[in-house]
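Summary of the model geometry
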Amino acid sequence: MKKELPKVYEPQEVEGRVYEMWEKNGCFEGHRDPDKKPFTIVMPPPNVTGQLHMGHAMDSTLQDILIRFKRMEGYAALWVPGTDHAGIATQIKVEEELRTKEGLTRYDLGREKFLDRVWDWKHKFGDRIVTQQKKLGSSCDWDRARFTMDDGCSKAVRETFCELYEKGLIYKGSRIINWCPNCTTALSDAEVEYTDKPGHLWHMRYPLADGSGYLVVATTRPETMMGDTGVAVHPDDERYKHLVGKTCILPLMNREIPIVADEYVEMDFGTGCVKMTPAHDPNDFEVGLRHNLETIKVIADDGTINELGGKYAGMDRYEARKAVVADMKELGLLEKEESYNHNVGTCYRCHNDVEPIISAQWFVKMEPLAKEAIKVVEEGQTKFVPDRFSKTYLNWMENVHDWCISRQLWWGHQIPVWYCDDCGHMTVSRTDAVKCEKCGSVHIQRDPDVLDTWFSSALWPFSTLGWPEKTEDLDYFYPTDVLVTGYDIIFFWVARMIFSGCEQTKKTPFHTVFIHGLVRDDKGRKMSKSLGNGIDPLEMAEQYGADALRFNLVTGNSPGNDMRFYTERCEAMRNFANKIWNASRFLMMNLTIEDNALPEKLELEDKWILSKLNTVISEITENMDHYELGVAAQKIYDFIWDTYCDWYIEMTKARLQGDDPAAKEQAQRVLCYVLTNILKLLHPFMPFITEEIWQALPHAADTKDAFLMLQSWPEFREDLVFPQEEKAVEMLMDAVKAVRTRRAEMNVPPSKKAHLTIATQETDTFTAGIPFLKRLGYASDVTVTAMTDGAETAKGVVSVVTHVARIDMPLAELVDLEKEKARIAKELKKNQGELEKLTKKLSNPGFLAKAPENVVNAEKERAEKLTALIAKLEEQAKNL
């Protein structure tokens with residue numbers, strides 16, 4: 001057994017080696033165990049196109065902390081990894097490569113050959129993000145890695161589509177959908193981001209057909225007016241009641257269109273008359289259905305005006321907008337134009353404006369599915385952490401529209417529907433159809449569209465465990481326990497997984513949804529390519545170590561809230577890793593024991609540290625159970641840095657360096673026991689360094705597994721509760737802190753010893769603590785006396801007070817009085833002179849008027865600091 005650690009901790013050397021050791025020994029494998037409770041996490045599958053960014057690093061770190069914690073708690077822990085085929089993103093990537101390298105489009109290759117290229121790309125780059133996750137220490141069961149288009153997931157997708165179709169929950173219909181002319185595909189509501197943009201409201205005159213005047217309609221989209229098939233007014237609007245049922249002439253197209261009354265119209269918006277374009281607006285579409293208005297689509301899939309747009313055919317939609325406005329103006333039919341800010345839908349991927357258009361698409365009927373998905377959250381079967389996100393989820397589910405699931409792409413799950421050329425029948429099948437199920441004709445064509453990427457992602461918690469087969473894994477590990485994800489995909493993914501799980505498995509897919517915020521830059525801005533403020537987590541891990549990066553991401557992080565990423569904190573966390581390493585090295589160098597067990601006899605400070613450890617174990621476990629990972633991390637940090645390293649190790653040095661072998665062994669055993677438990681508590685957060693140190697420590701006699709990550713989580717021990725001893729040591733520590741603070745104020749170096757006289761009612765405690773006070777309070781000697789009321793401080797003595805004691809130190813033993821007086825006088829004179837100059841400057845109206853505000857404020861701040869420093873120096877002079 002090795003008992004020495006290298007002088008310096010080198011994460012670059014340790015991390016890869018330790019990870020390989022875990023993998024080689026099957027430490028990450030999740031096994032069904034009838035004697036254990038399961039704990040399951042499915043990883044939100046990153047896009048196969050992806051490279052690890054800071055959001056992934058946060059996601060992976062939080063999941064890994066939870067899975068390592070539960071594994072140590074004795075659960076049969078399973079973390080299922082995988083990647084998403086990412087329809088649009090991947091197809092665009094491969095098309096781009098084809099265009100730039102070979103000058104080809106996907107149409108040049110044809111569907112089959114193009115898909116071969118995408119699969120080649122996936123095999124080449126698809127595992128890149130997996131390798132990157134390993135560098136962060138993710139302890140997934142990699143043998144179970146899944147892909148949303150692997151055979152099992154594809155079977156689950158087919159089964160779900162067919163089941164929902166058979167239940168009447170999937171249908172094909174012409175509806176207004178969100179269309180991205182740039183990506184040339186439909187988008188679901190969740191894929192549209194709304195942005196407030198400046199625009200115009202144009203007031204157009206539509207002449208009445210009988211020649212008696214005109215109506216004025218207000219529109220933000222004149223480029224669609226060629227598709228107008230009616231004008232709507234509110235039934236209660238007295239201004240227009242007499243016109244309902246009549247017709248008006250659509251300018252530019254010279255088409256007669258009806259005037260209808262519908263409650264959808266807001267009387268006080270614009271003129272109270274609204275042009276109806278059922279093919280290009282979801283509300284107009286609904287009004288059109290109610291009044292049997294014609295549907296004329298005038299914008300093509302590429303965002304240009306089609307052949308039904310008259311003279312504007314072939315123009316880009318925004319070019320047509322300008323042309324329509326110019327022509328209306330020329331005809332004297334443009335009444336007025338006003339600036340108007342409005343919400344414009346943009347594509348979440350390319351950020352181009354989305355076009356609402358009528359299209360034949362496949363939809364999932366959401367209302368029946370939403371009911372159960374609402375119920376499981378309202379009844380607490382699935383809880384959100386923090387709870388406020390359940391309101392966001394419920395609000396969306398209660399107002400959800402039917403989900404458009406078809407996409408005009410080639411890469412993805414092709415819709416399992418075949419159309420018969422002879423009888424027109426639609427065959428929906430779990431296996432590839434070879435003939436029409438109705439007439440038997442072999443002249444059938446498969447629907448060319450693919451399913452929305454989120455359709456397969458929605459099945460992820462159960463498709464990855466074998467569904468639709470009734471597997472042992474599904475039976476044991478499902479429902480899963482916690483889903484860790486960002487708040488930005490509650491609608492895209494979380495909601496869809498919940499209603500899919502409820503519908504397909506009749507169970508909610510997870511008990512808890514643990515929501516984290518975004519990782520922003522140090523100025524609070526979202527990290528993005530356009531701002532150039534992205535920070536590569538792998539660079540951070542390379543420079544500071546993966547443990548330091550992980551600890552930075554989790555400390556100060558609270559559920560659901562965004563966090564700012566400061567590179568300096570990675571440096572601070574690397575220093576923390578070095579602190580643990582150096583403390584462990586110190587122990588190893590003083591270690592002679594071969595096993596790890598507490599001694600029978602415990603000293604006062606031993607009982608103190610064991611009692612404090614007991615408390616921190618209990619608190620951290622509770623924090624972890626409540627997903628307060630940032631709080632837990634801060635507690636273990638404080639305990640290691642402050643309680644163990646800065647205090648307890650210092651307290652034991654007298655015994656470790658003394659001549660009593662029994663006292664030496666006693667101190668070693670407690671140091672080793674506490675360090676072992678500290679490493680266990682810290683392991684989920686900083687897995688690499690803790691495993692490396694643990695491997696070098698002597699282990700308890702009953703240690704079965706050779707890895708820290710498979711050890712049992714520390715537990716609260718009733719026999720290690722020592723409240724009196726805790727209280728006693730805290731009294732001594734308060735005294736030491738008070739003495740050290742006063743000495744620091746007086747610039748007394750630690751080498752200069754002084755006699756301490758302690759007046760207290762707790763004489764026994766302070767007498768027992770004399771060796772400790774001498775060592776840590778830099779005392780030449782210590783005298784303990786009983787405290788008497790009204791006792792005055794003797795002259796030439798410096799006193800400090802704690803809540804239980806007064807400590808006197810002879811001034812002459814601390815400083816050379818004459819030299820100190822001269823030093824303070826010199827310092828005072830210098831600072832008073834500086835303050836005088838600064839005061840003159842700040843009372844000069846010319847300086848205040850001409851200098852920039854930030855310069856004036858900086859000078860004012862400097863004056864305040866000088867004033868405070870002078871007051872402190874005067875106080876010191878008075879004390880002398």
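Residues numbered from 1 in each chain as written. Predicted model: local features only at pLDDT ≥ 70, side-chain atom pairs only at ≥ 80, totals over all residues. Heavy atoms only, no water.

**Overview of the overall build of the chain**
Across its full length, the chain carries 29 helices and 29 strands. Against the compact-globule benchmark of 29 Å for 880 residues, the chain has a radius of gyration of 37 Å, which places it well outside the compact range. Expressed along its principal axes, the backbone C-alpha trace of the chain runs to roughly 110 × 80 × 55 Å. Buried positions account for 53% of the 880 residues belonging to the chain. (Helix = DSSP H or I, 4+ residues; strand = E, 2+ residues; numbered from the N terminus. Rg over C-alpha atoms; globule rule 2.2 N^0.38 Å. Buried < 20%, exposed > 50% of the residue type's maximum accessible area, 1.4 Å probe, protein only.)

**Details of the nonpolar core**
Within the largest apolar cluster, 135 residues are counted, with the highest numbers of intra-cluster contacts made by Phe551, Tyr644, Val674 and Phe685. It is helix H20 (residues 629-656) that provides the largest number of residues to this core, a total of 14 residues. In contact with Tyr644, other than residues within four places in its own chain, are Leu587, Ile609, Phe639, Ile649, Leu671, Val674, Leu675 and Ile678. Grouped together as the second largest cluster of nonpolar side chains are 58 residues, Tyr348, Phe455, Leu459 and Phe492 included. (Core = buried A, V, L, I, M, F, W, Y, C linked by side-chain atoms within 4.5 Å. Contact = heavy atoms within 4.5 Å.)

**A few points about the sheet that holds strand E11 (residues 255-261)**
Two modes of strand pairing occur in sheets, parallel and antiparallel, and in both the strands are linked by backbone hydrogen bonds. What the four strands build is an open sheet, ordered E10-E11-E9-E12; its pairing is mixed. At either end of the open sheet lies a strand with only one pairing partner, and these are strand E10 (247-250) and strand E12 (273-276). Each strand axis lies, on average, 35° off the axis of its neighbour in the sheet, ignoring direction. Pairing of E10 with E11 involves four bridges; the strand directions are antiparallel. When the sheet's bridge partners are listed, Ile249 is paired in E11 with Glu256. (Pairing = 2+ DSSP bridges. Axes fitted to C-alpha atoms, helices over the stretch in contact; angles between N-to-C directions.)

**Section: the sheet that holds strand E23 (residues 510-516)**
Pairing is parallel across the open sheet formed by three strands, whose spatial order is E15-E23-E22. Only two strands of the sheet have a single neighbouring strand rather than two, namely strand E15 (383-385) and strand E22 (480-486). The sheet shows a mean angle of 20° between the axes of neighbouring strands, direction not considered. Pairing of E15 with E23, which is carried by three bridges, proceeds in the parallel orientation. In the sheet register, Phe384 faces E23, and the bridge partner there is Val513.

**A look at the state of the cysteines**
Chemically, a disulfide is nothing more than a covalent bond linking the sulfur atoms of two cysteines. Per the stated rule, a full pass over the model turns up zero disulfides. Cys180 supplies the cysteine sulfur nearest to Cys183, a cysteine that is in no disulfide, at a spacing of 3.8 Å. Accessibility expressed as a relative area gives 9% for Cys183, which makes it buried. You can see Cys672 has no disulfide; the closest cysteine sulfur is in Cys645, sitting 14 Å from it. Given a relative accessible area of 0%, Cys672 falls into the buried group. (Disulfide = S-S within 2.5 Å.)

**Some points on helix H22 (residues 687-696)**
Residue pairs three or four apart in sequence face the same way in an α-helix, which turns once every 3.6 residues. A large share of H22 lies buried, amounting to nine of its 10 residues. All of the buried residues in H22 are Pro687, Phe688, Ile689, Thr690, Glu691, Glu692, Ile693, Trp694 and Ala696. Of the surrounding elements, those touching the buried residues of H22 are helix H1 (11-24), helix H2 (54-72), helix H6 (128-135), helix H17 (546-554), helix H18 (567-589) and helix H21 (661-682).

**Brief notes about the pattern of salt bridges**
Per the stated rule, a full pass over the model turns up 60 salt bridges. Where Arg446 meets Asp432, a salt bridge forms, and the shortest distance between an N and an O atom there is 3.9 Å. A residue pair is termed long-range when its members are at least 10 positions apart, and Arg446 in strand E20 (residues 444-446) and Asp432 in the loop between strand E19 (426-428) and E20 qualify at 14 residues. Residue classification places Arg446 among the partly exposed positions, given a relative accessible area of 25%. Here Lys841 ties to Glu859 by a salt bridge, and the two come within 2.7 Å at their closest N and O atoms. Here Glu859 lies in helix H29 (residues 853-879) and Lys841 lies in helix H27 (residues 817-842), a separation of 18 residues in the sequence. What makes Lys841 partly exposed here is its relative accessible area of 34%. (Salt bridge = Lys/Arg side-chain N within 4 Å of Asp/Glu carboxyl O.)

**Considerations on the environment of His699**
Following the sequence through the fold, His699 ends up in the loop between H22 and helix H23 (723-745). For His699 and Arg71, which are 628 residues apart along the polypeptide, the C-alpha to C-alpha distance reads 19 Å. Apart from residues lying up to four places away in sequence, His699 is in contact with Asp595, Asn596 and Trp694.

**Here's the deal with empty space enclosed by the protein**
Applying the stated criterion across every chain yields a total of two cavities of 30 Å³ or more. Put simply, the largest cavity is a space of about 70 Å³. Contributing to the lining of the largest cavity are Thr160, Leu164, Val364, Leu369, Trp403, Phe455, Ala458, Leu459, Phe499, Ser500, Glu503 and Gln504. Looking at the lining of the largest cavity, the elements with two or more residues in it are helix H7 (151-166) and helix H15 (490-504). Per-element accounting of the lining of the largest cavity gives the leading share, four residues, to H15. Residue composition of the lining of the largest cavity, grouped by class: eight nonpolar, three polar and one charged. There is about 50 Å³ of room inside the second largest cavity. Lining of the second largest cavity is provided by Leu610, Leu613, Asn614, Ile617, Tyr673, Asn677, Glu715, Arg717 and Leu720. Contributing elements (two or more residues each) for the lining of the second largest cavity: helix H19 (604-625) and H21. (1 Å grid on protein atoms, 1.4 Å probe; cavity = no way out; pocket = protein on both sides within 12 Å on 5 of 7 lines; lining within 4 Å. Points joined across faces, edges and corners; volume = space filled by probe spheres on them. Nonpolar A, V, L, I, M, F, W, Y, C, P; charged D, E, K, R; others polar.)

**Thoughts on the environment of Thr760**
Tracing the chain through its elements places Thr760 in strand E26 (residues 754-760). When the C-alpha atoms of Thr760 and Glu864 are compared, they prove to be 39 Å apart, with 104 residues separating the residues in sequence. Ignoring any residue separated from it by four or fewer positions in sequence, one finds Thr760 in contact with Phe766, Val784, Thr785, Ala786, Met787, Val804 and Ala805. Engagement of the side chain of Thr760 in a polar contact is seen with the backbone nitrogen of Glu762, the distance being 2.9 Å. (Polar contact = N/O pair within 3.5 Å; in protein donor to acceptor, adjacent residues only side chain to side chain.)

**Observations regarding helix H3 (residues 87-102)**
With 16 residues, H3 should reach 22 Å at 1.5 Å per residue; the first-to-last C-alpha distance of 22 Å fits that figure. Taken residue by residue, H3 has Gly87, Ile88, Ala89, Thr90, Gln91, Val94 and Leu98 as its buried positions. Residues of H3 that are buried in the fold lie against helix H4 (106-109), helix H5 (111-125), strand E6 (185-187) and helix H12 (453-457). Directly after H3, the chain includes Gly103, whose backbone phi takes a positive value near 65°. (Expected span 1.5 Å × (residues − 1).)

**Examining a negative patch on the surface**
Together, Glu372, Glu378, Glu379 and Glu398 make up a region of like negative charge exposed at the surface. Tracing the backbone shows Glu372 in helix H10 (residues 366-378). (Patch = residues over 30% accessible without salt bridge, like charges linked within 9 Å, V, L, I, M, F, W, Y side chains within 5 Å. Areas by Shrake-Rupley, 256 points an atom, 1.4 Å probe, with all protein chains shown as cover. Lys, Arg positive; Asp, Glu negative; His and termini not counted. Charge placed at Lys NZ, Arg CZ, Asp CG, Glu CD.)

**A few points about the packing of H19 against H23**
The interhelical angle for the contact between H19 and H23, taken along N-to-C directions, is 110°, at an axis separation of 8 Å. The orientation of H19 with respect to H23, classified from their angle, is roughly perpendicular. Contacts between H19 and H23 involve Leu604, Glu605, Lys607, Trp608, Ser611, Lys612 and Thr615 from the first element and Pro723, Glu725, Glu726, Ala728, Val729, Glu730, Leu732 and Met733 from the second. Broken down by class, the residue content of the contact of H19 with H23 amounts to seven nonpolar, two polar and six charged. (Parallel < 35°, antiparallel > 145°, perpendicular 65-115°, else oblique.)

**Digging into the pairing of E23**
Most of E23 is tucked away: six of the seven residues are buried. Bridging between E22 and E23 involves six bridges; their strand directions are parallel. In the strand pairing of E23, Val482 is matched with Thr512. Handedness of the crossover joining E22 and E23 through H15: right-handed. (Right-handed = clockwise from strand over helix to strand, strands pointing away.)

**Points about unusual backbone geometry**
At the junction of Val385 and Pro386, the peptide bond is cis and its omega measures out at -5° in the coordinates. Within the element layout of this structure, Pro386 appears in the loop between E15 and helix H11 (388-398). Residue Trp467 is joined to Pro468 through a cis peptide bond whose omega torsion reads 15°. The phi torsion at Ala86 lies on the positive side, around 50°, for a residue other than glycine. The residue Leu252 is not glycine, and still its phi comes out positive at about 70°. For Leu252, the location among the structural elements is in the loop between E10 and E11. Exposure remark for Leu252: the relative accessible area of 30% places this residue in the partly exposed category.

Honestly, it's all geometry; don't read function into it.
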